[in-house]
Amino acid sequence: MTVIGIIGAGEVGSQIARAAIANGYEVVLANSRGPETLRNLVDELGPAARAATAATAAAAGDFAVVAVPLKVVKDMPAAELAGKIVLDTNNYMIWRDGHIPVIDSGEKTVYELRQEHLPRSMVVQAFTHIQAPRITTAGRPAGHPRRLALPVSSDFPGAVKLVTRLYDRFGFDAVDNSPLSEAWRSAPGQPAWDALQHQTRDELIANLTRARRITTTGGRDRG
Ligand SMILES: NC(=O)c1ccc[n+]([C@@H]2O[C@H](COP(=O)([O-])OP(=O)(O)OC[C@H]3O[C@@H](n4cnc5c(N)ncnc54)[C@H](OP(=O)(O)O)[C@@H]3O)[C@@H](O)[C@H]2O)c1
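Given the structure is predicted, the values throughout are model-derived calculations rather than measurements.

Q: For the confidence of the model for the protein chain, give the residues involved together with the corresponding values.
A: A residue-level look at the protein chain finds 95% of positions with pLDDT of 70 or above and a mean pLDDT of 93. Confidence drops under a pLDDT of 50 for residues 218-222, and excluding neighbours within four residues, the segment shows 15 contacts in the predicted structure.

Printed below as a string of structure tokens:
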């Protein structure tokens with residue numbers, strides 16, 4: 001049984017847990033307040049789920065999901081995540097995260113920063129372009145004419161492969177937008193962001209191609 005360590009058990013983390021369990025995975029979930037605060041969620045998820053600290057969840061996972069805004073990235077258990085594929089669901093939101101100058105200037109993407117903070121992990125952008133509740137409801141079988149596509153981006157082809165397989169199991173197509181330095185193409189403010197929720201594979205590819213750099217600070221979110 002493949003175990004997913006999920007750090008962040010809010011809207012996205014809990015929905016990925018539900019979809020994962022429905023697809024035969026086990027999950028170990030963590031939040032910032034401690035495993036005892038996740039009792040209701042774990043009860044709802046059933047025997048394939050347990051709660052732990054972030055370090056234990058990271059250590060338990062065959063791979064991990066970080067569903068925590070980037071502003072707390074330095075709290076992630078880098079040692080326990082070392083050597084593992086780490087799915088980063090983060091979207092850079094200035095209203096929530098504050099300004100991060102290297103992202104605002106276009107020097108780095110939010111996922112390159114996550115990769116820097118987890119240097120021994122294989123970071124991959126995943127599940128950023130779907131509202132959390134739809135992770136369990138919007139999936140469609142392969143070949144469905146309106147099957148949604150989600151971007152995936154990493155510096156590690158093996159991580160892209162894993163996310164592509166996971167998307168497929170959850171009912172979504174993947175569009176590879178690697179490496180991490182290209183992830184700005186799907187950032188808030190870009191066409192692929194504005195069309196969130198509705199893009200087929202061809203539409204997402206077209207929207208990623210239409211992206212234009214936003215490098216000045218002026219109140220728009222970017223990442
Ligand atoms: N919501 C969406 O529809 C959506 C969709 C796609 C992507 N995203 C992105 O995914 C990320 C998570 O979003 P969300 O909506 O799921 O946020 P959320 O509902 O606020 O949940 C955040 C989770 O992270 C946990 N957390 C915070 N700091 C932590 C730490 N240091 N160690 C362990 N856990 C920690 C929180 O635990 P506590 O509650 O105990 O503090 C909470 O469980 C964000 O970057 C967001 O932009 C969101």
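From this point, the narrative continues.
Q: Give me the lowdown on the pairing of strand 2 (residues 26-30), citing residues and values where you can.
A: Taking burial as the measure, the 5 residues of strand 2 include 5 buried ones, the bulk of the element. Burial of strand 2 is two-sided: the residues Glu26, Val28 and Ala30 facing one way and the residues Val27 and Leu29 facing the other way are all buried. Two strands pair when backbone bridges link them, and strand 1 (residues 3-7) and strand 2 are joined in this way by 5 bridges, in the parallel orientation. Paired with Ile7 across the strands is Ala30, a residue of strand 2. The β-α-β motif built from strand 1, the intervening helix 1 (residues 11-22) and the parallel element strand 2 has right-handed crossover chirality. Note that strand 2 and strand 3 (residues 49-51) share 3 bridges and pair parallel. Counted as the bridge partner of Val27 is Ala49 from strand 3. Taking the sense of rotation as the criterion, the β-α-β connection linking strand 2, helix 2 (residues 39-45) and strand 3 turns out right-handed.

Q: Which residues make up helix 8 (residues 157-170), and what values go with them?
A: For helix 8, built from 14 residues, the straight-helix expectation of 20 Å at 1.5 Å per residue is met to within 8% by its first-to-last C-alpha distance of 20 Å. Considered for burial, the residues of helix 8 that qualify are Ala159, Val160, Leu162, Val163, Leu166 and Tyr167. One side of helix 8 holds all its buried residues, which, seen down the axis, span an arc of 160°. Residues of helix 8 that are exposed and point over 90 degrees away from its buried face: Pro157, Gly158 and Arg165. Residues of helix 8 that are buried make contact with strand 4 (63-66), strand 5 (85-88), strand 6 (122-125), strand 7 (149-154) and strand 8 (173-176). Positive phi shows up at Gly171, right after helix 8, with a value of about 100°.

About the thresholds
Residues numbered from 1 in each chain as written. Predicted model: local features only at pLDDT ≥ 70, side-chain atom pairs only at ≥ 80, totals over all residues. pLDDT = per-residue confidence, 0-100. Contact = placed C-beta atoms within 7 Å. Buried ≥ 20, exposed ≤ 12 C-beta atoms within 10 Å, placed from the backbone. Helix = DSSP H or I, 4+ residues; strand = E, 2+ residues; numbered from the N terminus. Pairing = 2+ DSSP bridges. Right-handed = clockwise from strand over helix to strand, strands pointing away. Expected span 1.5 Å × (residues − 1). Arc of directions from axis to C-beta.

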